[in-house]
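# Chains, contacts and geometry: an overview
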Amino acid sequence: MHPVAHDPTTVAPIPFVWHPRTRRHIPSAEIWLGVRTPGTEVVERVNVIREALIRAGHPEVTAGDPDPQALLAVHSAGLIEHLRTIHDAWVVGGYTTDPGQDRVVPYVFPTEAMLGGLPVRRPTAAHARAGQYCYDTMTLIGPGTWDAVEAAAGAALTAVDLVATAAWVDGPGEGPDGGPEGPRRAPDGHGASPMAYALCRPPGHHAAREAFGGSCYLNNAAIAAEALRARGARRLAVLDIDAHHGNGTQAIFYNRGDVFYGSVHVDPGAGWFPHYMGFADETGFHGGDGANLNIPVPPRAGDDRWLEAVQELTESARAFRPDALVVSLGVDAAVDDPESPLRVTRDGLRAAGILLGGLGVPTVAVQEGGYHLKSLGILVVDTLAGLAEGAARAAR
Ligand code: SP5
Ligand code: ZN
């Protein structure tokens, strides 16, 4: 067990936020190379994580409904409307009987190169619209998908509420020039920085402002980051330890100088999703130049190589002097995970948590990937224990 994380004199157990509606998303399949495969982003993931968190003593908080404005701070109205309505349109279109497909599956993708500068029209047929905002065939939409997507974003936002309320008084203050004063510690804020964990499902880091894919629909981590900003944090770090590059999060913040995005992930150049992004030479542009850091690692990297990268991420983030941290907490880098070739252990994830918690700033951790049902729960618990331990050390 992990005595430090449970020692009440150092830091309270990290609360976890979720909503049972997250179970309504049943993708039922991924279309892989045209073949219907079972898919790994299954309901059981949240059940095993939740059970492990409860067993480890983490208090449970029910997620609230997300404020629509908080979603629009990250995503286009068109994407949100699409996710909310396309399954109903699919049913009305009769595709569940002809050809007999009960999930929304795209087939035409209106790429910029296809359009050659023309605007994207709204196709009449639902089967054509299915590809308007989607970039792969792996991210299906069923009758309960929107309910769960909304609940996942709600969990991230409730986690932000918990942290912001503990960290700052009444949100942003007024600076001498009438502008925002930035974060203020609560009067009793002499302990470790507050933390909360959102048990989001479906995950989010592959979703961009106006595009979804990679089992992700809305970007929960980016939504949390924008909400923290609205609550008074002026500079944000988003650190992503999921085994895959968070191409959506990177794209959302790529030209932003106030949000640092850093990620360690299996090298996309070695043939891994998301294939087109996540390379080391992607460093941000315009105002965001230098505020993006990708550390691709070789497919069979284990604790040593991976933790070196996590340390580099935390050092760069520390130099950025963030007011708050969002952790994209995927645990699919673990050795037994079926979706990645990385070989990180429980101890490795705990050590990563210590490094991240050591930044010593208010932190919202958001669940991303992780697909090995037998170890998933304990991997998340270990990572959170590390985060708490790192935060406690930083406060000493
Ligand atoms: C959030 C997250 O971890 N998303 C990962 C999405 C990666 N999916 C890529 C799938 C690549 C092919 N997998 C083969 C599955 C065969 N059934
Ligand atoms: Zn992943």
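Structure's up top.
Now for a look at the structure at hand. (Residues numbered from 1 in each chain as written. Chains lettered and ligands numbered in written order. Predicted model: local features only at pLDDT ≥ 70, side-chain atom pairs only at ≥ 80, totals over all residues. Heavy atoms only, no water.)

Below, the discussion takes up the site of ligand 1. The environment of ligand 1 is formed by 14 residues, the closest being W32, H206, H244, D332 and Y371. A distance of 3.3 Å separates a nitrogen atom of ligand 1 from a polar atom in the backbone of G214. The separation between an oxygen atom of ligand 1 and a polar side-chain atom of D332 is 3.0 Å. Burial of ligand 1 by the surrounding chains reaches 82%, relative to a free accessible area of 500 Å². Taken together, the residues of the shell around ligand 1 sort by class into 5 nonpolar, 6 polar and 3 charged. (Near = heavy atom within 4 Å. Polar contact = N/O pair within 3.5 Å; in protein donor to acceptor, adjacent residues only side chain to side chain. Areas by Shrake-Rupley, 256 points an atom, 1.4 Å probe, with all protein chains shown as cover. Nonpolar A, V, L, I, M, F, W, Y, C, P; charged D, E, K, R; others polar.)

Moving on, we get to the coordination of the zinc ion (ligand 2). Coordination of the zinc ion (ligand 2) by the protein is provided by D242 (OD), D242 (OD), H244 (ND1) and D332 (OD), with metal-donor distances spanning 2.0 to 2.8 Å. Read from N- to C-terminus, the donor residues coordinating the zinc ion (ligand 2) fall into the pattern D-x1-H-x87-D. Note that H244 is positioned in the loop between strand 6 (236–240) and helix 9 (247–253) and D332 in the loop between strand 9 (324–329) and helix 11 (346–357), a separation of 88 residues in sequence. As far as burial versus exposure is concerned, H244 and D332 are alike and both buried. (Donors = N, O, S within 2.8 Å, 3.2 Å for Na, K, Ca; no water. Helix = DSSP H or I, 4+ residues; strand = E, 2+ residues; numbered from the N terminus. Buried < 20%, exposed > 50% of the residue type's maximum accessible area, 1.4 Å probe, protein only.)

This brings us to a nonpolar patch on the surface. Where nonpolar side chains cluster on the molecular surface, the patch consists of Y107, V108 and M114 and spans about 320 Å² of accessible area. Structurally, V108 can be placed in the loop between helix 4 (77–92) and helix 5 (112–115). We classify V108 as partly exposed; its relative accessible area is 30%. (Patch = residues over 30% accessible without salt bridge, like charges linked within 9 Å, V, L, I, M, F, W, Y side chains within 5 Å. Salt bridge = Lys/Arg side-chain N within 4 Å of Asp/Glu carboxyl O.)

Looking now at the pairing of strand 10 (residues 363–367). Counting buried residues along strand 10, 5 of its 5 residues qualify, which places the element largely inside the surrounding structure. The alternating pattern of strand 10 places T363, A365 and Q367 and V364 and V366 on opposite faces, both of which are buried. Relative to strand 10, strand 5 (residues 195–198) runs parallel, the two sharing 4 bridges. Bridging across to strand 10, A198 finds its partner in V366. (Pairing = 2+ DSSP bridges.)

Moving on: the packing of helix 2 (residues 44–55) against helix 12 (residues 376–395). Here helix 2 crosses helix 12 at 50°, and the two axes come no closer than 7 Å. One way to sum up the angle between helix 2 and helix 12 is to call them oblique. Crossing angle aside, the handedness with which helix 2 passes helix 12 is right-handed. Listed contacts from helix 12 to R45, V48, I49, A52 and L53 of helix 2 are L376, G377, I378, V380, V381 and L384. Of the residues contributing to the contact of helix 2 with helix 12, the split by class is 9 nonpolar, 1 polar and 1 charged. (Axes fitted to C-alpha atoms, helices over the stretch in contact; angles between N-to-C directions. Parallel < 35°, antiparallel > 145°, perpendicular 65-115°, else oblique. Left-handed = near helix turned anticlockwise from the far one by under 90°. Contact = heavy atoms within 4.5 Å.)

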